[in-house]
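Listed below are the residues making up each chain.
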Amino acid sequence: MHHGLLRRAHVVLEVLTRGVCLPKMPRVDFCLACRDLVSSDLGGKPNTVVQVSVVDPRKHQLVFSACTEMVEANKDPCFLSGVTFPSDGPAAPETVVKLTVYDARDKSHEASSFLGTAAFSVSDLLRAKDERLTLLLRSSDGGCGAGTVVVSRLKMGEMEEAEHITTDVPSQKCPLVCDPTSHGSTERDRLLTGPVFTNPVCKVYRFQTVDNKWMLVREQMEECTLSFSIPKQLLRLYMQEDMSRVQDLKELGELSPHWDNLRKEVITRYAGIISSYQETLAEMEKITGPSFKPSCCKAQKSLEFVPINLHTQRMRVTCPRKTDASYDIVTVGAPAAHFQGFKGGGLQRLLNRHESEKKSFSTAYQCIYYSPEHTAKAQEVLSSVSLLQPLITSLADQLLQAAHERSSPGLREALKNLSDKTEQFVHTLKDELVKSALLALHAAQPGYVSKNQKTPRHEQSPARTPADKTTTCNNVDDSIPHHKEFDEEEWDRVWASVAKCLNCVIAVVDKLAEEDDHNNEQERVAEQQLADVITSHNPGDWREQLCPLVARLKECVTEVVDKAKRAVTFVLLQEAACSIPQGFLLQQRRDVVFSQALAVLACGFVMRLYAGMQDKGFLKQLHLVGLVAQFESLLSTYSEEIGMLEDMEVGISDLQRVVFKITEAKTGELGDIQPVVRGRRDHFTVEVPLPGPAFQNMPEEIKEGKLLRVFPVLFNVGINEQQTLAERFGDISLQERINQKNFEMLEFYYKSLSEKVPHECLPCFQSQTEIKELLETLGQNVVTKRRKNVEILWIASAICRRLNGIRFTSCKSAKDRTSMSVTLEQCALLRDEHQLSKDFFMRALDCMRSRLSHGDFGRWEDPEAGAAIENKPTSRHFYPIALLLVSSHLLVVWLILSLVFLLAKYQ
């Protein structure tokens, strides 16, 4: 029975107590040590493991909770991994904890010998001197066992040279780390846990430093509610945008039969996408339970917009002679369209292939080919005019209000804002694409004939369009019975009229302002004369003089917007017609990948923002330059993972279209702190609400609504055995191109940062290596031909942390490879920044990874435990970095031996 319980070791202690309404108590962390143990083998030293259980008073039975790492050949073992409770629910002082000590014959714990048991209550530990208990082990028959077990309370705070910590400093607790139910947790913890991060899972360790003192390390992993919240919001925005596009297509007016048929087909395609997204959203609304998608559901259609295994992880370190430090990382499965599969490759390859085929599609569908640049420009114009028109209308009304109040300063200020936005509006429309698109639209209407056309249209050759001098418009309808002329200069006159109206408004405002200034100079004249001057100018005169001009300006703007929207909508119609059906499938795939990527980025941004709210240097960097978001990928460039990497590359690149905006939460309710997404596919804004006091501490630029940029960069190095095959027999050019391209982006970000932000704003690290030097080393590694060059990932992560950036680590499912990478990085940080003893490095690494070998190891490394099928075997394919670097030779030997075996078998 003991062996079965031991194989089901969990990471987190789940404490079951009497009743439901027990008072909350602080989190209790304790560590274990044993003394004078005797191995089951006579004269030998035991390989000690301690199993931790609690008593369920309602059922009068033990409930297994946790297990320490194994300490080999030591009769006085001191365990590095601690035990944490409460985790999910409150604990009461009468909670009884039982410790069972085993001598494990091997790391699999298949054969373990019982050494003894001990028990204590939480109240015993809290009342004990220095909160430390020494318990005598009992044998299975109730007699005295061989040895004792020492239980010591761990506290995050000031360290002593002893094996335990004695002072708790609540003010040092950092956001996102502490249990929100704990006494002394900060307001920020309570605000974030619930609306953004939920279900915290903790693990504590104590490691020895180079000067033989102890540091305390706490890992905390949490789920992120944005895993579902962001995709739901994006789905609504996608549907809203597509429905608006359908309405714009219907408002194009009468078209020739050829174009009308294409329009109907495109509208049908949009309707199919909208219907599909509505079904997906409806299915997502039904989902309850964990706030993440387990990897077993990665190919489930209803969850394809949700990132895989999105979790945040923070490591908090308390050292004897250094300020507490925290290190954050976000782990997630690679953003990719797993449901759609990778048979034809990923997004990057599919988009390139589709773009090369669109020209032939344009000939087949008899439509005009527009390059991606033209299409992007059309979408930009459509977005700009949709935003600027209501803004110009609002500013025009403000101008009239200032005139009504006869406020000369207000009049000038309103005019300045109106002039700026109107000039921006005119500049946006002063583009050859809009003019040529308008001509193409007229050419697609029944009865169109150009000025130079002198013979009936059915006798003419297909007309050339100015949209693209290298392509031909083959949309001629021979059945048109009548003609009408279109003036190509009409568009120039239409948008120029907006500028003329604005000039008229400016002239009248200047005149009124000059008169007002002149009247102010007459204040020294006699009282009666001044009264006569005021009487001769009715306060309503200003508004009456401006009202007709402003109304005409609004009319011109409306006319221009109507023509421009119809013109660029026709461009998008042609692009959509040339893309049927592949383009619509690619758009859906891109929507899926971007949804996953944005949920991940928003999670990291919120985590980083709350961690740096008191850092003025960080906030200055945030609004002056923006943040770098470094995505570390461990995907191989072999088989279907190539498609995942191609999807991920496009998804991460599309994040450049995202900006963040910090707002003040409307109320103190938890739901009002949830980030909100606004915008459309070519530009999204994520609004991050902050509670009133936190928002007021932000820099003025942020409080005024300045948009905050994020610079996403992606570095990939495959580390598994499939990457060995790719490097020996395949192609790794995709990985090389990604790393080179993103290195240049990272270099550009650092250059911008150096020009605008002083180096004092950046965090300090023990290593004295300059960022510039690290960038040079990274550049050399990127161009160096070296197998499984993990130096690229290590250097990139170091640069990101030095730049106050956001760190993300991904593999296929954010499990095996991701866990190995994160634990290695954490131990490296403890060594480089907190003087972790070299003798303890491997032991610390093994300790953090020891839970990986405990069979069903719970939610820490495999968050989907409990959400997946329970009898699903746990993956045990863990590949230490050092082994992977040399495994290519072992793999070749294995292949040769396998071939020999198969030949012998079938001979």
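Just so it is clear, the model here is predicted, and its values are computed rather than measured. (Residues numbered from 1 in each chain as written. Predicted model: local features only at pLDDT ≥ 70, side-chain atom pairs only at ≥ 80, totals over all residues. Heavy atoms only, no water.)

## Thoughts on the overall build of the protein
Keep this limit in mind: Secondary structure is summarised from DSSP: a helix means a run of H or I of at least four residues, a strand means a run of E of at least two, and numbering begins at the N terminus for each. Only protein chains enter the accessibility calculation, which uses a 1.4 Å probe; a residue is then buried when its area is under 20% of its type maximum, exposed when over 50%, and partly exposed in between. Two residues form a contact once any of their heavy atoms are found within 4.5 Å. Accessibility throughout is a Shrake-Rupley quantity obtained with a 1.4 Å probe, and a residue counts as covered only by protein chains that appear here.
The helix and strand tally for the protein stands at 24 helices and 20 strands. Every one of the 907 residues in the protein was classed for burial, and the buried ones make up 55%. For the protein, the proportion of contacts with a sequence separation of at least 24, taken over those separated by at least 6, is 76%. Carbon and sulfur atoms make up 52% of the accessible area of the protein, which amounts to about 39700 Å² in all.

## Considerations on helix 22 (residues 816-834)
Defined as follows: Any helix carries an expected span of 1.5 Å times its number of residues minus one.
Taking 1.5 Å per residue, 19 residues should reach 27 Å; helix 22 reaches 26 Å between its end C-alpha atoms and fits that length. Among the 19 residues that make up helix 22, 17 are buried, leaving the element largely enclosed by the rest of the structure. Downstream of helix 22 by one or two residues, Gln 835 has phi in the positive range, about 55°.

## Focus: the pattern of salt bridges
The test is simple: A side-chain nitrogen of Lys or Arg and a carboxyl oxygen of Asp or Glu constitute a salt bridge if their distance falls within 4 Å.
Per the stated rule, a full pass over the model turns up 34 salt bridges. For Glu 283, the salt bridge identified is with Lys 286, shortest N-O distance 3.5 Å. For Glu 283, a relative accessible area of 37% gives the class partly exposed. In this structure, Lys 785 engages Glu 736 in a salt bridge whose closest nitrogen and oxygen atoms are separated by 2.9 Å. Pair noted here: Lys 785 is in the loop between helix 20 (771-783) and helix 21 (791-802) and Glu 736 is in helix 19 (residues 733-756), with a separation of 49 residues, a long-range link.

## Remarks on the packing of aromatic side chains
To describe a pair of aromatic rings, one takes the distance between the centres and the angle between the planes. Quick reminder of the rule: Stacked, tilted and edge-to-face are the three classes assigned to paired rings of Phe, Tyr and Trp, where Trp is represented by its six-membered ring and a pair needs centres within 6.5 Å; plane angles under 30 degrees give stacked, over 60 edge-to-face, the rest tilted. In this scheme, Lys NZ or Arg CZ marks a charge over a ring once it lies within 6 Å of the ring centre and within 35 degrees of the ring normal.
Under the criterion given, the structure shown has 13 aromatic pairs. Ring centres of Phe 605 and Phe 660 lie 4.0 Å apart, and the angle between their planes is 10°; on these two criteria the pair is classed as stacked. One end of the pair, Phe 605, is in helix 13 (residues 582-611); the other, Phe 660, is in strand 16 (residues 658-664), with 55 residues separating them in the sequence. One exposure class covers both Phe 605 and Phe 660, and it is buried. The interplanar angle of 55° and the centroid separation of 5.0 Å between the aromatic rings of Phe 711 and Tyr 749 together place this pair among those described as tilted. Residue Phe 711 is located in strand 19 (residues 708-716), and its partner Tyr 749 is located in helix 19; the two are separated by 38 residues in the primary sequence. A relative accessible area of 11% places Phe 711 in the buried class. A connected cluster of aromatic rings, assembled from ring pairs, spans Tyr 238, Tyr 277, Phe 305, Phe 594 and Phe 684. The ring of Trp 214 has Arg 206 sitting right over it, with the charged end atom 5.1 Å from the ring centre.

## Remarks on the state of the cysteines
Rule in force here: Here, a disulfide means two cysteine sulfur atoms that sit within 2.5 Å of each other.
Summed over all chains, the structure comprises zero disulfides. Between Cys 847, a free cysteine, and Cys 827, which holds the nearest cysteine sulfur, the sulfur-to-sulfur gap is 8.7 Å. On the basis of relative accessibility, which here comes to 3%, the residue Cys 847 falls in the buried class.

## Focus on the nonpolar core
To keep it simple, the criterion reads: What is meant by a nonpolar core is a set of buried Ala, Val, Leu, Ile, Met, Phe, Trp, Tyr and Cys residues, joined one to another through side-chain atoms within 4.5 Å.
Core analysis: the biggest nonpolar cluster contains 145 residues, and Leu 399, Phe 425, Leu 546 and Phe 605 have the highest contact counts within it. Formed by 29 residues, the second largest nonpolar core is a distinct cluster that contains Phe 711, Phe 743, Tyr 749 and Tyr 750.

## A short note on the pairing of strand 11 (residues 311-319)
The cut-off we apply is this: If DSSP finds at least two bridges between two strands, the strands pair.
Extensive coverage of strand 11 is indicated by the burial of nine of its nine residues. Judged from the eight bridges that link them, strand 10 (residues 214-224) and strand 11 form a sheet pairing that is antiparallel. Bridged to Val 217 within strand 11 is Val 317.

## Remarks on the confidence of the model for the protein
For the record, the criterion: Each residue carries a pLDDT score, the predictor's confidence in it, ranging from 0 to 100.
Averaged over the protein, the pLDDT score is 78; the fraction of residues at 70 or greater is 76%. Element-level mean pLDDT values for the protein span from 34 in helix 1 (residues 2-7) up to 97 in strand 19. pLDDT under 50 marks residues 158-189. Its contacts with residues more than four places away, or in other chains, come to 88 contacts. Per-residue pLDDT stays below 50 along residues 524-540; that stretch engages in nine contacts with residues further than four places along the chain or on separate chains.

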